[in-house]
Amino acid sequence: MKEQLAKIRAEALSAFEGAQSALDLDAIRVKYLGKKGELTAVLKQMGKLSAAERPVMGQLANDVRAALESALEDRSKRLETAALEQRLRAEALDVTIPGKRVEIGRQHPMNIALDELKTIFIGMGFQVLEGPEVELAVYNFDRLNAEEGHPSRDWSDTFYFDQDSRVMLRSQTSPMQVRAMESMELPIRIIAPGRVYRKDEVDATHSPMFHQVEGMVIDKGVTMADLKGTLNTVVERLYGQGTKTRFRPHHFPFTEPSCEMDVQCHKCGGTGCPTCKGEGWIELLGAGMIHPKVLEMSGIDSEVYTGWAFGIGLERMALRRFKIADMRLIFENDIRFLEQF
Ligand code: DAH
């Protein structure tokens, strides 16, 4: 029995020392000190010993138990300390590491261009309006003097919501002219930016959704000279003092006379280059004197009041403003592109 105890003692001590975790340690404790453990098994044999041997073995067994218990406690404490140290190391916070940069978004180039335009017009006493993108065909076409049969009303040009073509995605911001005439007191000076929709295929200069800025002035005695003066001022503010414009005759159903305004090419200064396709001029907007019929349809006396209006393509303006070659870049939301502004 003496040898048995010595063997248990030696084995258990080395097992405790080898334990690598609290879980390990507990398994070893059960193996030697548990109710069905090896030491307990030896103690159960005590009864077979002689009266003389019993106290001696009893003392020895108690010594072994005490040694094991103290080794267990010692190992357990050291494992705990090691675990704590490891956790502290793992969770250490190095305040000297440089922080991660937070990416902050910035204004989209088209909104930069729009804000510049708004600032200029607000400075000239214009109000900024917003209106619905889902529009009645009556506002988008009829009240703008584009009656049944006008080519822009074709199903292949326009997104309709219903079979009888009454509700649609607006194809231009011009219906805002009608909405302003209906709801505002005269005189009126407004711009109305927003999205418009047409059944166009996507390419470098087209998108089925794009933005326009509508502008309109109605007052007594307003003339084409006011239109030209205002737009020339806007262009000089946008593109710099001395920028030249050119007004060409054109046709729009809701203006008479109608024109398109070109700006002298910023690249070549008018001599002709790839940017202006050799023309020396770049088309910027459509405009004209509001057709008397359009005024009358919205209840404005065209004998007393006159007005002018224009429509700018905002993407095209932003492309020119920032010298961007392809309109698709405006819509793709590629951060490498957007970061440049
Ligand atoms: N709505 C026209 C278009 O989409 C642009 C336009 C032309 C607007 C002349 C106007 C205007 O207000 O007077 O092509």
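Given the structure is predicted, the values throughout are model-derived calculations rather than measurements. (Residues numbered from 1 in each chain as written. Predicted model: local features only at pLDDT ≥ 70, side-chain atom pairs only at ≥ 80, totals over all residues. Heavy atoms only, no water.)

Peer 1: Describe in detail empty space enclosed by the protein, supporting the description with residues and values.
Peer 2: Inspection of every chain in the model, using the stated rule, returns one cavity of 30 Å³ or more. Approximately 30 Å³ is the volume attributed to the largest cavity. For the lining of the largest cavity, the secondary structure elements donating two or more residues are helix H8 (224–239) and strand E8 (281–290). Here the lining of the largest cavity gets four residues from one element, more than from any other, and that element is H8. Split into classes, the residues belonging to the lining of the largest cavity amount to eight nonpolar, no polar and no charged. (1 Å grid on protein atoms, 1.4 Å probe; cavity = no way out; pocket = protein on both sides within 12 Å on 5 of 7 lines; lining within 4 Å. Points joined across faces, edges and corners; volume = space filled by probe spheres on them. Helix = DSSP H or I, 4+ residues; strand = E, 2+ residues; numbered from the N terminus. Nonpolar A, V, L, I, M, F, W, Y, C, P; charged D, E, K, R; others polar.)

Peer 1: An account of unusual backbone geometry is needed here, citing residue identities and associated values.
Peer 2: Following Leu186, the chain continues to Pro187 via a peptide bond in cis, the omega torsion being -5°. Turning to its location among the elements, Pro187 is positioned in the loop between helix H7 (175–183) and strand E4 (188–197). Here the residue pair Glu256 and Pro257 is connected by a cis peptide bond, since its omega of -5° sits within 30 degrees of zero. Here Pro257 lies in strand E7 (residues 255–264). With phi around 50°, Lys277 is a residue other than glycine that occupies positive phi space. Positionally, Lys277 belongs in the loop between E7 and E8. Taking relative accessible area as the criterion, Lys277 reaches 73% and is therefore assigned exposed. The phi dihedral of Lys323 falls on the positive side, at around 55°, and the residue is not glycine. Tracing the backbone through its elements, the reader meets Lys323 in the loop between helix H10 (314–322) and helix H11 (328–332). According to the relative accessible area criterion, Lys323 is exposed, its value standing at 57%. (Buried < 20%, exposed > 50% of the residue type's maximum accessible area, 1.4 Å probe, protein only.)

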